[in-house]
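# Inside the fold
These are the residues of each chain, in order.
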Amino acid sequence: MLKGFKDFLMRGNVVDLAVAVVIGSAFTAIVTAFTNGLIKPLINSVGGTDAAQGLGFKIFPGNPSTFLDFGAVINAAINFVLVAAVVYFVIVLPVKKLQERRKRGQEPGPSEPTDVELLIEIRDLLRAQNQRDEDRS
């Protein structure tokens, strides 16, 4: 059972996905800091009823929990657009171009395993299976 889990983790696409998630999280933190530190103060300077609170207004003037913060919504939208743009231009577009080149035959695709490599893998799997069967008996 643990060997199967180890094999699953060591597959290339799982490791690549984990790296992508970590890099995506770090990049999102950078964009969030940018929008919170630079963009949000600009939006908040437009003001509302109280410029210190940001762009918005209170539904009930005496109750601060009823403040509708449009600045935070605009900030989140800008954050999303920036992250989506970087993902598109840094990841999606280059991968699409690479796939198009492979279709036209300009760029070689991933190599297929040879017959010998497949036979060696089958032999090793059968040997491991036989070893497990002998250990159980």
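Just so you know, the residues in each chain are numbered from 1, in the order the chain's sequence is written. Under the rules for a predicted model, residues below a pLDDT of 70 receive no local features and side-chain atom pairs below 80 are neither given nor counted, while totals for whole chains, interfaces and linings still include all residues. The side-chain quantities take in all heavy atoms of the structure and omit both hydrogens and water.

### Regarding the overall build of the protein
Comment: elements are numbered from the N terminus, with helices defined as DSSP H or I runs of at least four residues and strands as E runs of at least two. Along its length, the protein carries four helices and two strands. In sequence order, the secondary structure elements of the protein are arranged as α-α-β-β-α-α. Two residues form a contact once any of their heavy atoms are found within 4.5 Å. Counting only contacts in the protein whose residues sit at least 6 apart along the sequence, the fraction spanning at least 24 positions is 35%. A total accessible area of about 10,900 Å² is found for the protein, and carbon and sulfur atoms account for 67% of it. Surface exposure here means Shrake-Rupley accessible area, sampled with a 1.4 Å probe, where a residue is shielded only by the protein chains that are shown.

### Description of the side chain of Thr-66
Along the polypeptide, Thr-66 turns up in the loop between strand 1 (56-58) and strand 2 (67-69). Only protein chains enter the accessibility calculation, which uses a 1.4 Å probe; a residue is then buried when its area is under 20% of its type maximum, exposed when over 50%, and partly exposed in between. The class of Thr-66 is buried, set by a relative accessible area of 15%.

### Considerations on the confidence of the model for the protein
The predicted model of the protein has a mean per-residue pLDDT of 79, with 82% of residues at 70 or higher. Confidence of the predictor at the level of single residues is given by pLDDT, which spans 0 to 100. By mean pLDDT, helix 1 (residues 2-10) is the weakest element of the protein at 68, and helix 4 (residues 115-136) is the strongest at 86.

### What to know about the layout of surface pockets
The way it works is a 1 Å grid over only the protein atoms, where trapped points that fit a 1.4 Å probe form a cavity and open points with protein on both sides within 12 Å along at least five of seven lines form a pocket, and then any residue with an atom within 4 Å of a point lines it. Grid points are joined across faces, edges and corners, and a volume is the space filled by probe spheres set on the points. The calculated volume of the largest pocket comes to roughly 200 Å³. Forming the boundary of the largest pocket are Ala-20, Ile-23, Gly-24, Phe-27, Thr-28, Val-83, Val-86, Val-87, Val-90 and Ile-91. Of all elements in the fold, only helix 2 (12-46) and helix 3 (70-104) reach the threshold of two or more residues within the lining of the largest pocket. Polar here means any residue outside two lists: the nonpolar Ala, Val, Leu, Ile, Met, Phe, Trp, Tyr, Cys and Pro, and the charged Asp, Glu, Lys and Arg; Gly therefore counts as polar. Its residues placed into classes, the lining of the largest pocket shows eight nonpolar, two polar and no charged.

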